[in-house]
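In case you want the letters, here they are:
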Amino acid sequence: MIEVDKISKTFRVKGKEIRALDKISFQLGKGEICGLVGHNGAGKTTLIKILSTLIVPDAGEARVENHDVVKEANFVRKLLGVMTVSERAFYYRLTGMENLMFFASIRGLSLSEARSRAKELLEMVGLLEWKDIPYMKYSTGMARKLALARALITDPPVILMDEPTLGMDPISSREFRRLVESLGRNRTVLMTSHNMVEVEDLADRVVILNRGKLIASGSPRELKERVGTMKLVRTKMPDSRLRKYIVGLSDQYFILRVPENMNVEGDEVSREPATLEDVFVSLTDEVDSTTNRSRGGGGWRRWAS
Amino acid sequence: MGVLSKLYAYIYLRGFRIWSSYKTQMVLNVLSWILPVFTYYFVGTSLGGELESFGISSYTAFVVIGLAFQGYVSSTITTISQRLRNEQLYGTIEYYVLSEGGVLSFLIYSALWGFTINSVNAGVILGIGELLHVDFHVNVLSTLIVFALLLSSALGLSMISAGFTMLVKQGNPISFFFSTFTTLMSGTVFPVTVLPSWIKDISLAIPLTWALEGLRFTMLEGYGIGGVLGIVEVLLLFNAVLLPLGGWFYLYSFNRSRRKGTLSEY
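For the structure given in this document, a descriptive report is provided here.

Re unusual backbone geometry
Residue and element names in this part refer to chain A. The backbone phi angle of Glu65 is positive, close to 50 degrees, even though this residue is not glycine. Mapping Glu65 onto the fold places it in the loop between β4 (59-64) and β5 (67-68). The exposure class of Glu65 is partly exposed, given its relative accessible area of 29%. Despite not being glycine, Asn66 shows a phi value in the positive range, around 70 degrees. Here Asn66 is to be found in the loop between β4 and β5. On the basis of relative accessibility, which here comes to 52%, the residue Asn66 falls in the exposed class.

Quick notes on the packing of aromatic side chains
Applying the stated criterion across every chain yields a total of 30 aromatic pairs over all chains. Taken together, a centroid distance of 5.7 Å and an interplanar angle of 65 degrees make the contact between Phe103(A) and Tyr95(B) edge-to-face. On the criterion of chain membership, the pair formed by Phe103(A) in helix α3 (residues 96-106) and Tyr95(B) in helix α4 (residues 93-97) is interchain, its members lying in two chains. Residue placement shows Arg150(A) over the ring face of Tyr95(B); its charged tip is 3.6 Å from the ring centre. Here Arg234(A) stacks its cationic end above the ring of Tyr253(A), 4.4 Å away from the centre of that ring.

Some details on the sheet that holds strand β7 (residues 158-162) of chain A
Residue and element names in this part refer to chain A. Spatially, β6-β7-β8-β3-β9-β10 is the arrangement adopted by the six strands of the open sheet, whose pairing is mixed. Strands at the two margins of the open sheet, each flanked by one partner only, are β6 (80-83) and β10 (213-218). Shown here is a sheet whose adjacent strand axes are inclined to one another by a mean of 15 degrees, direction ignored. As paired strands, β7 and strand β8 (residues 188-192) are joined by five bridges and run parallel to one another. By the bridge assignment, Leu160 is partnered in β8 with Leu190. Packed on one face of the sheet, helix α5 (residues 140-151) meets β6 and β7 and runs near 165 degrees to β6.

What about the interface of chain B and chain A?
Interface size is commonly expressed as the accessible area that is lost once the parts come together. Contacts between the two partners involve 30 residues from chain B and, on the opposite side, 33 residues from chain A. Surface buried jointly by chain B and chain A totals about 3000 Å² across both partners, of which 62% is contributed by carbon and sulfur atoms. For the pair chain B and chain A, the interface holds two salt bridges. In this structure, Arg17(B) engages Glu98(A) in a salt bridge whose closest nitrogen and oxygen atoms are separated by 2.7 Å. Along the contact surface separating chain B from chain A lie 16 residue pairs in polar contact (both at pLDDT 80 or more). Of all the secondary-structure elements, those providing two or more residues to the side of chain B that touches chain A are α1 (3-21), α3 (59-90), α4 and α11 (229-260) of chain B. If one sorts the elements of the side of chain B that touches chain A by residue count, α1(B) sits on top with 10 residues. Grouping the constituent residues of the side of chain B that touches chain A by class yields 13 nonpolar, seven polar and 10 charged.

Observations concerning a nonpolar patch on the surface
Residue and element names in this part refer to chain B. A cluster of nonpolar side chains, namely Val27, Leu28, Leu31 and Leu35, defines an oily patch on the protein surface of about 360 Å² accessible area. Here Leu31 lies in helix α2 (residues 23-47). Residue classification places Leu31 among the partly exposed positions, given a relative accessible area of 37%.

Structural notes on the pairing of β4(A)
Residue and element names in this part refer to chain A. The pairing of strand β1 (residues 2-13) with β4 spans five bridges and is antiparallel. Of the residues in β4, the one forming a bridge with Val4 is Ala62. For β4 and β5, the ladder comprises two bridges, and the chain directions are antiparallel. Residue Arg63 lies in a different strand from β5, and its bridge partner there is Asp68. In this antiparallel pair of consecutive strands, β4 and β5, the connection spans two residues, and Glu65 shows a positive phi of 50 degrees.

With respect to the pattern of salt bridges
Residue and element names in this part refer to chain A. For the coordinates displayed, the defined rule picks out 27 salt bridges over all chains. With a shortest N-O distance of 2.5 Å, Arg63 and Glu61 are connected by a salt bridge. The partly exposed category is assigned to Glu61, whose relative accessible area is 32%. Salt bridges linked by common partners bring Arg177, Arg178, Glu181 and Asp201 together as one network.

Points about helix α4 (residues 111-124) of chain A
Residue and element names in this part refer to chain A. The terminal C-alpha atoms of α4, which comprises 14 residues, lie 20 Å apart, in line with the 20 Å expected from a rise of 1.5 Å per residue. All buried positions along α4 are accounted for by Ala114, Arg117, Ala118, Leu121 and Leu122. One side of α4 carries all its buried residues, which in axial view fall inside an arc of 135 degrees. In α4, those exposed residues whose orientation departs by more than 90 degrees from the buried face are Ser112 and Glu123. In this fold, the buried residues of α4 make contact with α3 and α5. At the C-terminal side of α4, Gly126 shows a positive phi close to 80 degrees.

Section: the packing of α3(A) against α1(B)
Running from N to C, α3(A) and α1(B) cross one another at 140 degrees; their axes reach a closest spacing of 8 Å. In terms of their interaxial angle, α3(A) and α1(B) are classed as oblique. α3(A) and α1(B) meet at a crossing whose hand is left-handed. Mapping the contact onto sequence places Glu98(A), Met101(A), Phe102(A), Ser105(A) and Ile106(A) in α3(A) and Ser5(B), Lys6(B), Tyr8(B), Ala9(B), Tyr10(B), Leu13(B), Arg14(B) and Arg17(B) in α1(B). For the contact of α3(A) with α1(B), the per-class residue count stands at seven nonpolar, two polar and four charged.

Comments concerning the sheet that holds β1(A)
Taking strand neighbours across the sheet as the criterion, the four strands line up as β2-β1-β4-β5 (chain A) in an open arrangement whose pairing is antiparallel. In this open sheet, the two strands that pair with only one neighbour each are β2 (16-28) and β5 of chain A.

Quick look at the environment of Ile55(A)
Take Ile55(A): it is sitting in the loop between α1 (44-51) and β4. Setting aside anything within four residues of it in sequence, one finds Ile55(A) in contact with Lys9(A), Phe11(A), Lys49(A), Ile50(A), Arg258(B) and Gly261(B).

What to know about the pairing of β8(A)
All names here are of chain A. Across the five residues that make up β8, a large majority, five, are buried. Where burial is concerned, the two faces of β8 agree: the one with Thr188, Leu190 and Thr192 and the one with Val189 and Met191 are both buried. Once the chain exits β7 it traverses helix α6 (residues 170-183) before rejoining the sheet at β8, and the crossover so formed is right-handed.

Reading the values: the criteria
- Residues numbered from 1 in each chain as written.
- Chains lettered and ligands numbered in written order.
- Predicted model: local features only at pLDDT ≥ 70, side-chain atom pairs only at ≥ 80, totals over all residues.
- Heavy atoms only, no water.
- Helix = DSSP H or I, 4+ residues; strand = E, 2+ residues; numbered from the N terminus.
- Buried < 20%, exposed > 50% of the residue type's maximum accessible area, 1.4 Å probe, protein only.
- Phe/Tyr/Trp six-rings, centres within 6.5 Å; stacked < 30°, edge-to-face > 60°.
- Lys NZ or Arg CZ within 6 Å of the ring centre and 35° of its normal.
- Pairing = 2+ DSSP bridges.
- Axes fitted to C-alpha atoms, helices over the stretch in contact; angles between N-to-C directions.
- Contact = heavy atoms within 4.5 Å.
- Buried area = accessible area lost by both parts, 1.4 Å probe.
- Salt bridge = Lys/Arg side-chain N within 4 Å of Asp/Glu carboxyl O.
- Polar contact = N/O pair within 3.5 Å; in protein donor to acceptor, adjacent residues only side chain to side chain.
- Nonpolar A, V, L, I, M, F, W, Y, C, P; charged D, E, K, R; others polar.
- Patch = residues over 30% accessible without salt bridge, like charges linked within 9 Å, V, L, I, M, F, W, Y side chains within 5 Å.
- Areas by Shrake-Rupley, 256 points an atom, 1.4 Å probe, with all protein chains shown as cover.
- Expected span 1.5 Å × (residues − 1).
- Arc of directions from axis to C-beta.
- Parallel < 35°, antiparallel > 145°, perpendicular 65-115°, else oblique.
- Left-handed = near helix turned anticlockwise from the far one by under 90°.
- Right-handed = clockwise from strand over helix to strand, strands pointing away.

Okay, structure coming up:
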């Protein structure tokens, strides 16, 4: 179980304050898989790191299985399986088996427990036949599976994953999702992702962050119902507020995918039910991924002209 | 809890397995232990009896003890701060924070690998000393006491050095000082009595200076604990200051990084 109550965090970079999280609150129960989504820089990783006890929040409280992540950090660590975004976070010269045994040992497992648990997990993630191959020879998909195995090494009740399928091909990604799905049945899983198909497929609950604020939370179905039906509209020159809805170009026309109740000049092409990606696009600001600031209009105009 | 598995993980897997997987580096490491002994042996041979006026009856014996134990301090300190930096670069530092025993356990077990590799280094150097007819008269108990105090003071300095690595990432002054100045200032290859008095005063603020003097007494002259009591007291004083200060600074640097969100930055 995870409880996040008015968590805030501000970073100071070269004298400038960056509000990474602003009074975020939500709860997750056992058996729930939650997708944490948002633009780059929306605060997802900061929140994962706060729950992992790796960053201390400025205000608010967060609890894992009823234990405070700041006051009881050492105890909380025992309850967590963490998968960070870094692919390099293993020892390249050691084999998959050795890497898992290493991390099992430092998490407190005895030598025999570490060996049997590492073997069991390698089999579970489908890497048993690669167990004696050095990590440096692993593909991205294999590396991510090994990272998942490491997160499960102590059989924790709570798993936190930061972009777990980043860089994976669609088949490996699908395989990975099935693994996470089976794990989530008796655990609490919180994962960040930019892949809306993945979140829609896996998550019982979605939390959307925008510039450090929680702007929506609910099941994928609830969120999709909130946006309703989408319409595809062919238009000549969308204004800047519509730029985020552009999905394509056709014969000098822009194709927009907008909520049906939105007034847009142009020819309606078709209507479709909203996807989670539509929810995300509709609810969040358009943010420049390199600066995390709203873009001014004009980029598409310049490009179109 | 799980001490054996941690020793296996830190010393065998992360230490020996990775170190020995770089064969060329391994050979160069061993050469770097051996060659200085011969270099200084020939320096001593060419000087003949000139060193007796400085109270050194056998320069080879003097330098063998110096080189064998100097590495414990300098390389343990640099090994730990380098290790910490490597873990930041690999992205594994966060997994150590999450580990049982946390970052203190990381430091102690990492230091153990440093001590292990230096023990091999010291063993090789002392073995070469034996081949070069160094006349050892070892008092085991007093040697172990002085040696243990040297190791624990090195651990205290390592914690301060690692704390600097967490805070400044690169440009660690403690690591720089001990990797470059200890040979010059701590009586490793020549007695500190030849140094200008103000440098000599600084050298007395380094635990290694005292430990080397003590180890020469206990390993070459067979002094018992009574003979090196003054040195033991000074080393105890160093430990009383360095261990709590190092522990506090090391944990402070990690907690500060957690507050600032810079734990994995490098």
